[in-house]
Amino acid sequence: MSDMRLVVTGAAGRMGRMLVKAIQAAPGLSLSAAVEHEGSFALGQDAGVLAGVGEIGVPITDDPLTAFVAADGVVDFSTPAATVRFAALAAQARIAHVVGTTGLADADLDRLAAAAWHTAIVRSGNMSLGVNLLAALVKRVARTLGEEFDVEIVEMHHRMKVDAPSGTALLLGEAAAEGRAIDLSTRSVRGRDGVTGARPPGDIGFATLRGGSVVGDHRVVFAGEGERIELAHLAEDRAIFARGALKAALWARGRKPGLYAMTDVLDIHDA
């Protein structure tokens, strides 16, 4: 089979450049196009030069439709508004869409689900193997332990991150909620301030830290009477997210339309 031709969106961003670099080093993949928003400083620049791998003959463009039509898949770590637009275009072009964008609202997720009727979409709040294994463990522990163990999720990222809690924290919260058979949207606590009263049993708490250049630290705490279980993942290099996203793209190639997760890619539906 020929190399899978991929489009990278947000190609001038931190993750976009990492993806371009990873594609150049990955067997079975080639960079078909690199996309940025209209007016970006990077338009016309060589994507390889911007990523630090040298000239590769792929100029950055603001024309995603033309790029998608000539590709087999798109890897998308952009913004919620851009992602829903790209999802419609990927569905129109019938190419696989890997979504690592965080901060998606319920309405955005509904639009992704609609696009998934026409193409394969792999979406995850975190593409790393380690985090998805952690989520499977969190689900298992939450299912095993009763509500006498409180669940708290603590995350820290660099100062430039714009959404909170992180997509990874929410992924872990969903895993805990699934393990407890509860609805995270009605049983989560996103912040505490002032006189909050006693902690309601069964809720899942989130704490957000921001600062420095932290790539991503996540810790899930199961706190019981007299004992505490902590599961953690520390990301030291964004390359782990790029590698996971490319693995997802290869997996999704030729896959029937549907909305998939990294648990499908890694075949770890239950722990």
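The present account deals with the structure reproduced in this document. The structure presented is a predicted model; accordingly, all values stated were derived computationally and were not measured.

**Some details on unusual backbone geometry**
- Between alanine 164 and the following residue, proline 165, the backbone shows a cis peptide bond with an omega angle of -10 degrees.
- Relative to the assigned elements, proline 165 resides in the loop between strand 7 (150-157) and helix 7 (167-180).
- The phi dihedral of arginine 94 is positive, around 60 degrees, even though this residue is not glycine.
- Residue placement: arginine 94 occurs in the loop between helix 4 (80-93) and strand 5 (96-99).
- With a phi close to 55 degrees, aspartate 267 is a non-glycine residue in the positive phi region.
- Following the sequence through the fold, aspartate 267 ends up in the segment after helix 10 (262-266).

**Observations concerning the pairing of strand 7**
- For strand 7 and strand 10 (residues 216-224), the ladder comprises 7 bridges, and the chain directions are antiparallel. Pairing of valine 154 across the sheet is with arginine 219, part of strand 10.

**Regarding the side chain of histidine 157**
- Mapped onto the elements of the fold, histidine 157 is located in strand 7.
- Setting aside its immediate chain neighbours within four residues, histidine 157 contacts Ser166, Leu209, Arg210, Gly211, Val214, Val215, Gly216 and His218.

**Brief notes about the packing of helix 1 (residues 14-25) against helix 9 (residues 239-252)**
- Two elements in contact, helix 1 and helix 9, have axes whose closest approach is 9 Å; the angle formed by their N-to-C orientations is 60 degrees. Taken together, helix 1 and helix 9 sit at an angle that is classed as oblique. For the pair helix 1 and helix 9, the crossing hand works out as right-handed. Together, Met15, Met18, Leu19, Ala22 and Ile23 of helix 1 and Ala239, Phe241, Ala242, Ala245 and Leu246 of helix 9 make up the contact between the two elements.

**Observations concerning the packing of aromatic side chains**
- Applying the stated criterion across every chain yields a total of 2 aromatic pairs.
- For the pair phenylalanine 68 and phenylalanine 86, a centre-to-centre distance of 5.8 Å together with 55 degrees between the ring planes defines the contact as tilted. Pair noted here: phenylalanine 68 is in helix 3 (residues 64-69) and phenylalanine 86 is in helix 4, with a separation of 18 residues, a long-range link. Both residues of the pair, phenylalanine 68 and phenylalanine 86, count as buried.

**Brief notes about the sheet that holds strand 7**
- Read across the open sheet, the 5 strands follow the order 8-9-7-10-11; overall the sheet is mixed. In this open sheet, the two strands that pair with only one neighbour each are strand 8 (188-189) and strand 11 (227-235).
- Relative to strand 9 (residues 204-210), strand 8 runs parallel, the two sharing 2 bridges. Following the sheet pairing, serine 188 is matched in strand 9 by isoleucine 204.

**Side note on helix 4**
- Helix length check: helix 4 (14 residues) gives 20 Å between terminal C-alpha atoms against 20 Å at 1.5 Å per residue, within 8%.
- Those residues of helix 4 lying buried are Ala82, Thr83, Val84, Phe86, Ala87, Leu89, Ala90 and Ala91.
- Elements that come into contact with the buried residues of helix 4 comprise strand 1 (4-9), strand 2 (29-35), helix 3, strand 4 (73-76), strand 5 and helix 5 (106-115).

Quick notes on the rules
Residues numbered from 1 in each chain as written. Predicted model: local features only at pLDDT ≥ 70, side-chain atom pairs only at ≥ 80, totals over all residues. Heavy atoms only, no water. Helix = DSSP H or I, 4+ residues; strand = E, 2+ residues; numbered from the N terminus. Pairing = 2+ DSSP bridges. Contact = heavy atoms within 4.5 Å. Axes fitted to C-alpha atoms, helices over the stretch in contact; angles between N-to-C directions. Parallel < 35°, antiparallel > 145°, perpendicular 65-115°, else oblique. Left-handed = near helix turned anticlockwise from the far one by under 90°. Phe/Tyr/Trp six-rings, centres within 6.5 Å; stacked < 30°, edge-to-face > 60°. Buried < 20%, exposed > 50% of the residue type's maximum accessible area, 1.4 Å probe, protein only. Expected span 1.5 Å × (residues − 1).

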